[in-house]
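Observations on the three-dimensional arrangement
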Amino acid sequence: MNCACSGGFATQAIHAGYEAGDHGDAAVPPIYLSAAFDLRDTARGDALSAGEQDGFAYSRVGNPTVAVLEARICALEHGRSAVAFGSGMGAVAAALLTAAEGGGRIIAPTSLYGASIDALRDYFPGFGIDADFVDDINDLRAVEALIGPDTRAIFAESVANPSTQVTDVAGLAEVAHRHGVAVIVDNTVPTPYLFRPLEHGADVVVHSTTKGLCGHGNALGGIVVDGGTFDWGTARFPQFSAPDLAISDERCGAWRSFSGRYGHDAFAARVRAKALHNLGAVQGAMDAYLQLMGIETLAVRVREQVRSATAIAQWLRRQPQVTRLQYTGLLAGEDKENTAALDLRLAQERADGHATQESLVRRYFPHGVGGLLSFTLAGGRDQVRALIDATQLFTYIPNIGDTRSLIVDPARITHREVPGSFHGSAGVGDDVVRLSIGLEDTRDLLDDLEHAFARAYGATMAA
Ligand SMILES: *Cc1c(COP(=O)(O)O)cnc(C)c1O
């Protein structure tokens, strides 16, 4: 779905991609619980099936409620087109498989989300798609050294979960584009309110919309947003130049390829026509509706979560039992250095090896990195268990970006598939606790942590 963009972020979060007049004048996007749609006549059926006419035929490849969600997130990310999926992993898998189809390789950091690591390290190789992992994705020389003839894309998270390390998207894009390689960014943690990767050179953005975008922990979803700027028609990506029956007409001998027919929109077109159509990880209309409702309040929610997470990070930094705090958000907005001066400093740092977290956060995340943070506890695994079991307001839930504040031990739960050799660089050791700050009163959250710390350390001291 193409997206028209106008107005500021908060305005678009409520209005983009929706015309009440197209939906019986309903103020709120209706939920179209219909598996299929009336094709009306054979000429129209033929045109719809060939993708030559806009409209809906079958909800696996398009649904009016889901289309509003696609247009809205596309507008918020300043993309050109978007394809929704039934989960974040549906979107991640579709984007990576579409880029690397036919024996390609993906370069990625060891700090990816657990399931993304498992997909790239263990599952995709069985289908002939391989990954080259780097410990530090901002080490641009190490990344460039890994680019070979089969490399198709660099895949990274804008803000890593749970370390909150920020990725140098602009630096990666420069390196990747020099070699005709695409940059795909998982922007789940900051959400487009805090960072828009396409504005800094990324070609494709993916999200788990389950998290901050939906924001209420009540629906699963994912999305692929295509910036429409990358040339997929080169020899590096043969799948885009090959004639494909799904978009051709065999009977009249009209064979077409995705890049021939869709040009710069070829990526999103192929994600929908092949990955969504054939793998079927489809977003349901009811879930799309819940996510649209959540997105309406995205700006105010994230602003408040960043404020509260900053206060909690400052408190954690003062606790003697916290041996290491992972929250790059504390580097945000500390001075008023201008963009040009920061760009100069970043260019120098990149030339010297890699950009520092401080420069990256100040330049690209002036409003913070989000409500996610993590920390290392003295005493290790036993103290992590004791702390989690002692919290009462923080709930022990493997999710992030919820209105509820959540606590988890990532090494055992969300990042269980991450091998031990990745733990150090990914910041997910057995002694790490992750918090996702919600919208409760900060004072109540601090009280809960204070009591839990006292109980965790008191109890094990006595034992
Ligand atoms: C949760 C998450 C995913 C996977 O999303 P699901 O909706 O759970 O499939 C991918 N990437 C990141 C960064 C995540 O936090």
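Residues numbered from 1 in each chain as written. Predicted model: local features only at pLDDT ≥ 70, side-chain atom pairs only at ≥ 80, totals over all residues. Heavy atoms only, no water.

Quick notes on the sheet that holds strand β4 (residues 151-157)
We apply this condition: At least two DSSP bridges between two strands are required for those strands to pair. Helix numbering and strand numbering both begin at the N terminus, where a helix is a DSSP run of H or I of at least 4 residues and a strand a DSSP run of E of at least 2. In this description, a line fitted to the C-alpha atoms serves as the axis of each element, helices being fitted only across the stretch in contact, and the angle between N-to-C directions of two axes falls anywhere from 0 to 180 degrees. Residue contacts follow a heavy-atom distance rule, with two residues in contact if any of their heavy atoms lie within 4.5 Å.
Sheet architecture is open: 7 strands sit in the order β1-β7-β6-β5-β4-β2-β3, paired in mixed fashion. Whereas interior strands pair on both sides, the edge strands pair on one side only; in this sheet they are β1 (81-85) and β3 (130-134). Each strand of the sheet is rotated relative to its neighbour by a mean of 20 degrees, with strand direction disregarded. Each of β4 and β5 (182-186) is contacted by helix α7 (residues 169-178), which is oriented at about 155 degrees to β5, the strand it contacts most. Relative to the sheet, helix α11 (residues 266-279) contacts β1, β6 (204-208) and β7 (222-226), its axis offset from that of β1 by approximately 25 degrees.

Notes on the site of the ligand
This is how it is decided: Definition of nearness: a residue and a molecule or strand are near each other if at least one heavy atom of the residue lies within 4 Å of the molecule or strand. Under the rule applied, a polar contact is a pair of N or O atoms within 3.5 Å (in protein, one hydrogen donor and one hydrogen acceptor; residues adjacent in sequence only if both atoms are side-chain atoms). Every accessible area reported is derived by Shrake-Rupley at a probe size of 1.4 Å, with residue values counting cover from the shown protein chains alone. Residue type decides the class: Asp, Glu, Lys and Arg count as charged, Ala, Val, Leu, Ile, Met, Phe, Trp, Tyr, Cys and Pro as nonpolar, and the leftover types, Gly among them, as polar.
By nearness alone, 13 residues border the ligand, and G88, D186, S208, T210 and K211 come closest of all. At a separation of 3.2 Å, an oxygen atom of the ligand approaches a polar side-chain atom of N161. One nitrogen or oxygen atom from the side chain of S208 is found 2.8 Å from an oxygen atom belonging to the ligand. In isolation the ligand exposes 380 Å². Once the protein is present, 93% of that is buried. Per-class residue counts for the shell around the ligand are 3 nonpolar, 7 polar and 3 charged.

Examining empty space enclosed by the protein
Unoccupied space between atoms shows up once a probe the size of one water molecule is rolled over them. Heads up, the rule is: Residues are said to line a cavity or pocket when one of their atoms sits within 4 Å of a point; the points come from a 1 Å grid over protein atoms alone, cavities being sets where a 1.4 Å probe fits but cannot get out and pockets being open sets with protein on both sides within 12 Å along at least five of seven lines. Grid points are joined across faces, edges and corners, and a volume is the space filled by probe spheres set on the points. Start and end positions for the domains come from either an automated domain assignment or a database one.
The full count for this structure, using the stated rule, is 2 cavities of 30 Å³ or more. For the largest cavity, the calculated volume is near 130 Å³. V189, G212, Q305, G371 and G401 are the residues nearest the centre of the largest cavity, which is lined by 15 residues in total. By residue class, the composition of the lining of the largest cavity is 6 nonpolar, 8 polar and 1 charged. Shared between two domains, the lining of the largest cavity holds at least three residues of each, these being domain 1 (9-295) and domain 2 (299-327 + 369-457). Around the second largest cavity, the lining residues are S59, R60, V61, G62, N63, V66, E70, A84, R272, L276, V282 and Q283. Listed by contribution, the elements that provide at least two residues to the lining of the second largest cavity are α3 (64-76) and α11. A per-class count over the lining of the second largest cavity returns 5 nonpolar, 4 polar and 3 charged.

So, the domain arrangement of the protein
Spelled out, the test is: Buried area is calculated as the accessible area (1.4 Å probe) missing from two parts once they are joined, with the contributions of both summed. One side-chain nitrogen of Lys or Arg within 4 Å of one carboxyl oxygen of Asp or Glu is enough to make a salt bridge.
For the protein, the assigned domains are domain 1 (9-295) and domain 2 (299-327 + 369-457). The centre of domain 1, based on its C-alpha atoms, is set 30 Å off from the matching centre of domain 2. Buried area between domain 1 and domain 2, summed over both chains or domains, comes out near 2,500 Å², and the portion from carbon and sulfur atoms is 62%. Three residues, P162, T164 and Y193, lead the burial of domain 1 against domain 2; their summed loss comes to 23% of the area buried on that side. Run the count over domain 1 and domain 2 and you get 0 salt bridges. Across the domain 1-domain 2 interface, the total number found is 11 residue pairs in polar contact (both at pLDDT 80 or more). Only α1 (9-15), α5 (114-123), α8 (191-194) and α12 (285-295) provide two or more residues apiece to the side of domain 1 that touches domain 2. A class-by-class count of the residues in the side of domain 1 that touches domain 2 yields 18 nonpolar, 14 polar and 4 charged.

Description of the packing of helix α14 (residues 339-352) against helix α15 (residues 357-364)
Put simply, the rule is: Put simply, a crossing is left-handed when the front helix is turned counterclockwise from the back one by less than a right angle, and right-handed when it is turned clockwise.
The interhelical angle for the contact between α14 and α15, taken along N-to-C directions, is 150 degrees, at an axis separation of 10 Å. Of the two elements, α14 crosses α15, and the hand of that crossing is left-handed. Contacts between α14 and α15 pair T339, L342, D343, R345, L346, E349 and R350 from the former with S359, L360, R362, R363 and Y364 from the latter.

Structural notes on a nonpolar patch on the surface
Note the cut-off: To count toward a patch, a residue needs a relative accessible area above 30% and no salt bridge. Like charges then connect within 9 Å, nonpolar side chains (Val, Leu, Ile, Met, Phe, Trp, Tyr) within 5 Å. Burial status follows relative accessibility: with a 1.4 Å probe on protein chains alone, a residue under 20% of its type maximum counts as buried, one over 50% as exposed, and anything between as partly exposed.
On the surface, a cluster of nonpolar side chains totalling about 290 Å² of accessible area is made up of I31, L33 and M286. The class for L33 is exposed, based on a relative accessible area of 70%.

Some remarks on the state of the cysteines
Two cysteines joined by a covalent bond between their sulfur atoms form a disulfide. We apply this condition: We call a pair of cysteine sulfur atoms a disulfide when they lie within 2.5 Å.
Within the structure shown, the criterion is met by 0 disulfides. No disulfide involves C214; its nearest neighbouring cysteine sulfur is the one of C74, lying 19 Å away. Assessed through its relative accessible area of 0%, C214 is described here as buried.

Observations concerning helix α2 (residues 42-49)
The condition is simple: Along the arc lie the directions from the helix axis toward the C-beta atoms.
Those residues of α2 lying buried are R44, G45, A47 and L48. Projected onto a plane normal to the axis of α2, the buried residues spread over an arc of 165 degrees and lie on a single side. Facing away from the buried side of α2 by more than 90 degrees, the exposed set consists of T42, A43, D46 and S49. Directly beyond the C-terminal end of α2, a positive phi value near 75 degrees is found at G51.

Observations regarding the nonpolar core
Our working definition: Only buried residues count toward a nonpolar core. Its members are Ala, Val, Leu, Ile, Met, Phe, Trp, Tyr and Cys residues joined through side-chain atoms within 4.5 Å.
If you look at the biggest cluster of nonpolar residues, it comprises 83 residues, and the most contacted ones within it are L316, L373, F375, L377, L387, L435 and F453. If one sorts the elements of this core by residue count, helix α13 (residues 298-317) sits on top with 9 residues. Among all residues touching L387, those that are not within four sequence positions of it are F375, L377, I407, V433, A452, F453 and A456.

Considering the side chain of S359
Here S359 lies in helix α15. For S359, a relative accessible area of 0% puts it in the buried group. At 3.0 Å, the side chain of S359 forms a polar contact with the side chain of T356. In contact with S359, other than residues within four places in its own chain, are L342, R345, L346 and E349.

What about the pattern of salt bridges?
Under the definition given, this model contains 19 salt bridges. Across the pair D168 and R350 runs a salt bridge, and its minimum N-O distance is 2.7 Å. Separated by 182 residues along the polypeptide, D168 in the loop between β4 and α7 and R350 in helix α14 bring together distant segments of the chain. Classification of D168 by relative accessible area gives buried; the value is 0%. For R350, a relative accessible area of 18% corresponds to the buried category. Between R251 and D249 there is a salt bridge, with the nearest N and O atoms lying 3.9 Å from each other. On the accessibility criterion, R251 (81% relative accessible area) is exposed. Residue D249 is classed as partly exposed on the basis of its relative accessible area of 26%. Taken together, the shared-partner salt bridges in this structure form one network comprising E101, D244, R270 and K274.

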